[in-house]
Structures are given as C-alpha cells and as structure tokens.
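Chain residues, written in single-letter form:
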Amino acid sequence: MPETKGDLTMAVKDIAEAVAVFDRVKVVELVEAEIAAKTEIDEILNAGLIDAMDIVGKRFSSGELFVPEMLMAAKAMKAGLEVLKPHLSAGAVAAKGTVVIGTVKGDLHDIGKNLVALMMEGAGLEVVDLGVDIDAEKFVKAAVEHNAGVVALSALLTTTMPTMEIIVAAIKEAGIAVKTIVGGAPVTEAFADQIGADGFSTDAPGAVELTRKLLST
Ligand code: B12
C-alpha cells in the first residue's frame, strides 16, 4: 500500500478513536483536516464517524462503557457530522418529492435518522423531520399535511421494532397514497417484508436510492 494512502487511512481511524474517547474538539479538528486533505467524504463518514459508533456499541455491550459515555460519544460524533454536513448536502437541486422521517415511539436514537435526512436533502428531496419518539398518529398526520410520497421510519432498539409494524399498518389504514420505508441497525429486509413496508436499506445512501425509486413509480 502506498505510504500516503496508509497515512490517510490512519488519520481517518484517528477520528473513530477520538469519537470513542469523547474528544469533541479533536474530532472536529481531525474531520476538518481530512476535508482539507481531500480525503473522500464517504471514507470520513464511514471509517471515521460511523465505525466509531460500532466501537462504542461493542464497548457498551461488553460492560466497558455505560449510557452517559454512549451519549458523550454520540455528541462527539454529531460534532464531526456538523463539519461534514455541507459536503454531504452539496449539489442540492429543486425538491423531487417529500419525505416525512422520524424515529419511532419509545426510541430516542437519532444519529442514523439525521444522517438519512441529511443525505435525502442533499439529493434534492424535501424532508420533514419529526424528530424522535414519534407515534403512528403523528406520522399519519404529517404525511397528509405535507402530501408526502414516502414515510421513513427509524428504530435502533429491538424493543421498538414492533412499533414500526403498528405505524406501517396505521398508514395503510389511513388510505393515503404514501410508501413506507424502514431502517436502523436491528432492522432487516425480512422484517421489512414481514411488516408490509415498501422498502428497506442498511444505510443512508441506500435510503436515498430507494426513496428516489419509490417516488418515481
Ligand atoms: C449512541 C447510542 C445511544 C445514544 C443515542 C444518542 C442519539 N442522539 O442518537 C443514547 C445514549 C441516548 C442511547 C440510549 C440507549 N441505548 Co443506545 N446506542 C447508541 C449506539 C452506540 C450508536 C447508535 C448510532 O448512532 N449509530 C450510528 C448510526 C449512523 O447508525 P444507525 O443509527 O444504525 O443508522 C444507519 C443505518 O441503520 C441506516 N438507518 C437508520 N435509520 C434509518 C431509517 C431508514 C428509513 C433507512 C432506510 C435507513 C436507516 O442509515 C444510517 C446511516 O447509514 C448503539 C450501538 C450501535 N452500534 O448501533 C447503541 C444501541 C443501539 N443502544 C442500545 C441500548 C440498549 C440503549 C438503551 C436501552 C440503554 C439504556 N440501558 O438506557 C438506551 C435507549 C434509549 C431509548 N429509549 O432510545 C443497544 C440496543 C440493543 C438492542 N438489541 O435493542 C445498542 C445496539 C448498544 C448495544 N450494543 O447494546 N444509545
């Protein structure tokens, strides 16, 4: 491997380590340095910021970290994401359809949902972000109010996945012409099919591609 490439990869990994030790200032500094060095934005996002959350999740599972530390890591990641934001949404064009997005009732995780929203905006979609802890009634109301083409549901807890099913059913019952997509770490394609959602993706770029496809049909 050429030396420069190796150095760059090392530096991106340093971002992940800085997130994992909750060093917000260092995260911002390192992300800014990587952008200035013209490192691929995707690499900074995936190998730097997203991988860090996996490290933190594993340390939480093994009892090495607790909730307050997870929260500090999330804040450090968000600080890095803020720096990346203008680069992720570059190239926005006129709105191509409206997406209502939110994290489902009982679930407060919003980093992945925010990333999906950000990339959708970057792809020229109009995004209505309802936030976290959102029930079926609020999703249906917002979909009608904003004449949405897609409702996107995020869940990070196995305990809140069943709520996705309730929301998808409520949207169908409301008889509105809107497609539903689901995602979040524990969500699978099989689960999406099982609850009757129109689509699933493992990541934010995939969510954008899926939404575009659903809006064009
Ligand atoms: C940060 C974090 C927190 C933070 C959240 C801060 C915030 N503002 O989001 C805090 C500290 C609040 C938290 C709390 C809890 N957490 Co937590 N948390 C995490 C952690 C470490 C990272 C999550 C994250 O941000 N990942 C990074 C993002 C970018 O990834 P993502 O969310 O998966 O999103 C990507 C894709 O999934 C997809 N995607 C996401 N949404 C959508 C939507 C659509 C439509 C589509 C198509 C795609 C899509 O695209 C995204 C980008 O590529 C995970 C571990 C992990 N590795 O997931 C645990 C984790 C999710 N938490 C866990 C737990 C247990 C909890 C608590 C119950 C702990 C407790 N005892 O209180 C509470 C629950 C609080 C609640 N009611 O929600 C467990 C869940 C276990 C399970 N089986 O359900 C995990 C897996 C940790 C672990 N290994 O045990 N947590």
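## Overview of helix H4 (residues 67–88)
The sharpest bend along H4 measures roughly 35 degrees and falls at Glu-82, with the proline Pro-86 sitting one to four residues further on. Among all positions of H4, only Ala-73, Ala-74, Ala-76, Met-77, Ala-79, Gly-80, Leu-81, Val-83, Leu-84 and Leu-88 are buried.

## A few points about the pairing of strand S2 (residues 126–129)
With 4 bridges joining them, strand S1 (residues 98–103) and S2 adopt parallel strand pairing. The residue of S2 that forms the bridge with Val-100 is Val-128. Regarding the hand of the β-α-β motif, the stretch spanning S1, helix H5 (residues 111–122) and S2 is right-handed.

## With respect to the layout of surface pockets
Estimated volume of the largest pocket: approximately 1400 Å³. Surrounding the largest pocket, 46 residues form its lining, Met-53, Ile-111, Gly-112, Leu-156 and Ala-185 being those nearest its centre. When residues of the lining of the largest pocket are traced back to their parent elements, those giving at least two are helix H3 (41–61), H4, H5, strand S3 (150–154), strand S4 (179–183) and helix H9 (204–216). At 10 residues, the largest contribution of residues to the lining of the largest pocket is made by H3.

## Quick word on the packing of helix H6 (residues 136–145) against helix H7 (residues 161–173)
Where H6 meets H7, the closest approach of the two axes is 9 Å, and the angle between their N-to-C directions is 40 degrees. Our classification of the angle between H6 and H7 gives oblique. The two elements H6 and H7 meet at a crossing, and its hand is right-handed. Residue-level inspection shows Ala-136, Phe-139 and Val-140 of H6 in contact with H7, the latter providing Ile-167, Ala-170 and Ile-171. Looking at the contact of H6 with H7 residue by residue, the classes come out as 6 nonpolar, no polar and no charged.

## Topic: the coordination of the cobalt atom of the ligand
If you check the protein contacts of the cobalt atom of the ligand, you find one donor only, His-109 (NE2), at 2.3 Å. Mapped onto the elements of the fold, His-109 is located in the loop between S1 and H5.

## Concerning the domain arrangement of the protein chain
How big an interface is tends to be expressed through the accessible area that disappears when the partners come together. Here the domain parsing of the protein chain yields domain 1 (3–88) and domain 2 (98–216). A C-alpha centroid distance of 26 Å is found between domain 1 and domain 2. Every contact between the two is made by 9 residues of domain 1 and, on the other side, 7 residues of domain 2. Carbon and sulfur atoms make up 85% of the area that domain 1 and domain 2 hide from each other, which totals about 700 Å². As a salt-bridge pair, Asp-110 and Lys-78 come within 3.1 Å of each other at their nearest N and O atoms. The interface formed by domain 1 and domain 2 holds 1 residue pair in polar contact (both at pLDDT 80 or more) in total. Looking at the side of domain 1 that touches domain 2, the elements that each hand over two or more residues are H3 and H4.

What counts and how
- Residues numbered from 1 in each chain as written.
- Predicted model: local features only at pLDDT ≥ 70, side-chain atom pairs only at ≥ 80, totals over all residues.
- Heavy atoms only, no water.
- Bend = angle between axes of the 7 residues up to and from the residue.
- Helix = DSSP H or I, 4+ residues; strand = E, 2+ residues; numbered from the N terminus.
- Buried < 20%, exposed > 50% of the residue type's maximum accessible area, 1.4 Å probe, protein only.
- Pairing = 2+ DSSP bridges.
- Right-handed = clockwise from strand over helix to strand, strands pointing away.
- 1 Å grid on protein atoms, 1.4 Å probe; cavity = no way out; pocket = protein on both sides within 12 Å on 5 of 7 lines; lining within 4 Å.
- Points joined across faces, edges and corners; volume = space filled by probe spheres on them.
- Axes fitted to C-alpha atoms, helices over the stretch in contact; angles between N-to-C directions.
- Parallel < 35°, antiparallel > 145°, perpendicular 65-115°, else oblique.
- Left-handed = near helix turned anticlockwise from the far one by under 90°.
- Contact = heavy atoms within 4.5 Å.
- Nonpolar A, V, L, I, M, F, W, Y, C, P; charged D, E, K, R; others polar.
- Donors = N, O, S within 2.8 Å, 3.2 Å for Na, K, Ca; no water.
- Domains from an automatic or database assignment.
- Buried area = accessible area lost by both parts, 1.4 Å probe.
- Salt bridge = Lys/Arg side-chain N within 4 Å of Asp/Glu carboxyl O.
- Polar contact = N/O pair within 3.5 Å; in protein donor to acceptor, adjacent residues only side chain to side chain.

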